[in-house]
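Inside the fold
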Amino acid sequence: MNILVVGNGGREHALAWKLAQSPHATHVYVAPGNAGTEKEEKVSNINIAATDILHLINFAKDNEIELTVVGPEVPLSLGIVDQFEAHGLNCLGPKQQCAQLESSKVFSKNFMAKYNIPTARYQNFKDSQKAKAYVDEMDSPIVIKASGLAAGKGVIIAQTKEQAYHTIEDMLEGNKFGDAGCEIVIEEFLDGEEASFIVLCDGTHALAMASSQDHKARDNGDQGPNTGGMGAYSPAPIVTRDVHDKVMHTIIQPVLDGMKNEGEVYKGFLYAGLMIMPNGEIKTLEYNCRFGDPETQPIMMRLESDLVELAFAALNEELDGYEVSWSNKTALGVVMAAGGYPDQCKTGDIITGLDQDDGVNTKIFHASTKRQDCSIFTNGGRVLCVVALGEHVEDAYHNAYDLVNKITWNNEYHRTDIGKRAFVK
């Protein structure tokens, strides 16, 4: 069958790469893709933007696409699944109503409150003076979130009340995040260890993917500004069997049941960002309505089951009792970014060292890259995600960084401690 992947980042490269390995896949198209997706076997790019839903539908019809997998959040928020289904096309992802769990922090927090899903204490604001008054009642640090989609950068952890005031002004008065920040969520800071918990849903049942842990902060030691993610590893030791069962019962299943109560079914990937606290309590930091990036890359490296079959099991509401096979090895991915990320950064630099990838125990997933003639250039903030397998976290760490150190471009930046928290005590 012909398959379409919507998106152009590292997540989409990993999904296309894994889908193409299925014996069911004749060809995988990626819209619009990047310099990495176009070089994969059985994969090619098409020059259609991820948000150009009408042209994507026409392409799917003209090329007999039997399965479309949506990678990024923006087309989901625009209702791509609703529109594909209206034309009789299989499209894996949640519908627009469900996608509000990610596209609106206000909707998400209110949904969690309504269905008793554990999360941080919060309030929503459009008025800066009322927001500042709420800050005065709180202890520092304070978490401030733009309600709308902000490419993973709309969360600020204010260390002081003065910083919180400035952040509120930037979002509500200074238009720092545009329409995404016209309403904000202010919530209590939760202390503990974060983990990423991703499941595949069929509307009634949820099938857990391999556990993973993301590094959101830009700099070593989890310092610096929040980003879309600087690296991840799988499995995450902190997600024990007890944690897994508790999350499925109190954080995942209530989403499926709650959406049904709201008149919709949730199909597709669901990502719960968790805070696992020292006292064993687990709270929900956020929901994403798609696979995480960069968690997708190491998780796909470990996936041994057929991703095409998994997708159709979700679409056909047949996930109950389905079992997924995973490699026993650890996978660790390091994001290589352009200097200045997550703020303004230079693009158009030639990347060298990409021929070092052996494609068996290591994999270079492209995110923001473009090909011109025989060279590959940087084309955005997060440029690559270099992933390696190892017998354990430390082994995967060394394998990944051995490859990272062979790749370079002008003003390249990466953290040097991805995964260290799992083996350095």
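Since we're looking at a predicted model, the values are computed, not measured.

Rules behind the numbers
- Residues numbered from 1 in each chain as written.
- Predicted model: local features only at pLDDT ≥ 70, side-chain atom pairs only at ≥ 80, totals over all residues.
- Heavy atoms only, no water.
- Helix = DSSP H or I, 4+ residues; strand = E, 2+ residues; numbered from the N terminus.
- Buried < 20%, exposed > 50% of the residue type's maximum accessible area, 1.4 Å probe, protein only.
- Contact = heavy atoms within 4.5 Å.
- Areas by Shrake-Rupley, 256 points an atom, 1.4 Å probe, with all protein chains shown as cover.
- Lys, Arg positive; Asp, Glu negative; His and termini not counted.
- Charge placed at Lys NZ, Arg CZ, Asp CG, Glu CD.
- Polar contact = N/O pair within 3.5 Å; in protein donor to acceptor, adjacent residues only side chain to side chain.
- Axes fitted to C-alpha atoms, helices over the stretch in contact; angles between N-to-C directions.
- Parallel < 35°, antiparallel > 145°, perpendicular 65-115°, else oblique.
- Nonpolar A, V, L, I, M, F, W, Y, C, P; charged D, E, K, R; others polar.
- Salt bridge = Lys/Arg side-chain N within 4 Å of Asp/Glu carboxyl O.

Notes on the overall build of the protein
Regarding its fold elements, the protein presents twelve helices and 23 strands. In terms of principal-axis extent, the alpha carbons of the protein reach across some 60 × 50 × 40 Å. Looking at the protein as a whole, 60% of its 425 residues are labelled buried. Of all intrachain contacts in the protein linking residues separated by at least 6 positions in sequence, the fraction that spans at least 24 positions is 68%. Accessible area for the protein stands at about 16900 Å²; split by element, carbon and sulfur atoms hold 44% of it. Between the mean site of the 37 positive side-chain charges and the mean site of the 59 negative ones, the protein shows a separation of 2 Å.

Some words on the side chain of Lys109
Mapped onto the secondary structure, Lys109 falls in helix α6 (residues 105–114). On the accessibility criterion, Lys109 (3% relative accessible area) is buried. Here the side chain of Lys109 touches Ala120 through a polar contact of 3.1 Å, landing on its backbone oxygen.

A closer look at the packing of helix α5 (residues 96–103) against α6
Viewed as axis vectors pointing N to C, α5 and α6 meet at an angle of 100 degrees, and their least axial separation amounts to 6 Å. With respect to α6, the element α5 is oriented roughly perpendicular. Counted together, Gln97, Gln100, Leu101, Glu102 and Ser103 of α5 and Lys105, Phe107, Ser108 and Phe111 of α6 form the full contact between these two elements. Split into classes, the residues belonging to the contact of α5 with α6 amount to three nonpolar, four polar and two charged.

Considering the pattern of salt bridges
According to the stated counting rule, one finds 21 salt bridges in the structure shown. With a closest N to O distance of 3.2 Å, Asp245 and Arg241 form a salt bridge. Of the two residues, Asp245 and Arg241 are both situated in helix α9 (residues 241–261); the distance of four residues between them amounts to about one turn of the helix. For Asp245, a relative accessible area of 38% puts it in the partly exposed group. Of the residues examined, Arg241 reaches a relative accessible area of 56% and is grouped as exposed. Residue Glu281 pairs with Lys283 through a salt bridge whose shortest N-O separation is 4.0 Å. Under the relative-accessibility criterion, Glu281 is labelled partly exposed at 34%. Its relative accessible area of 14% is what places Lys283 among the buried residues. Taken together, the salt bridges that share partners define one network made up of Asp222, Arg415, Asp417 and Arg421.

Thoughts on unusual backbone geometry
Note the cis peptide between Ala31 and Pro32, where omega equals 0 degrees. For the peptide bond that leads from Ser140 to Pro141, omega is -5 degrees, which places it in the cis range. Phi at Asp222 takes a positive value of approximately 55 degrees, unusual for a residue other than glycine. With respect to the helices and strands, the residue Asp222 is situated in the loop between β13 (217–219) and β14 (223–226). Asp222 gets classed as partly exposed once you look at its relative accessible area, which sits at 37%. The backbone phi angle of Glu317 is positive, close to 60 degrees, even though this residue is not glycine. Residue position: Glu317 is located in the loop between α11 (307–315) and β18 (330–338). Using a relative accessible area of 45% as the deciding quantity, one classes Glu317 as partly exposed.

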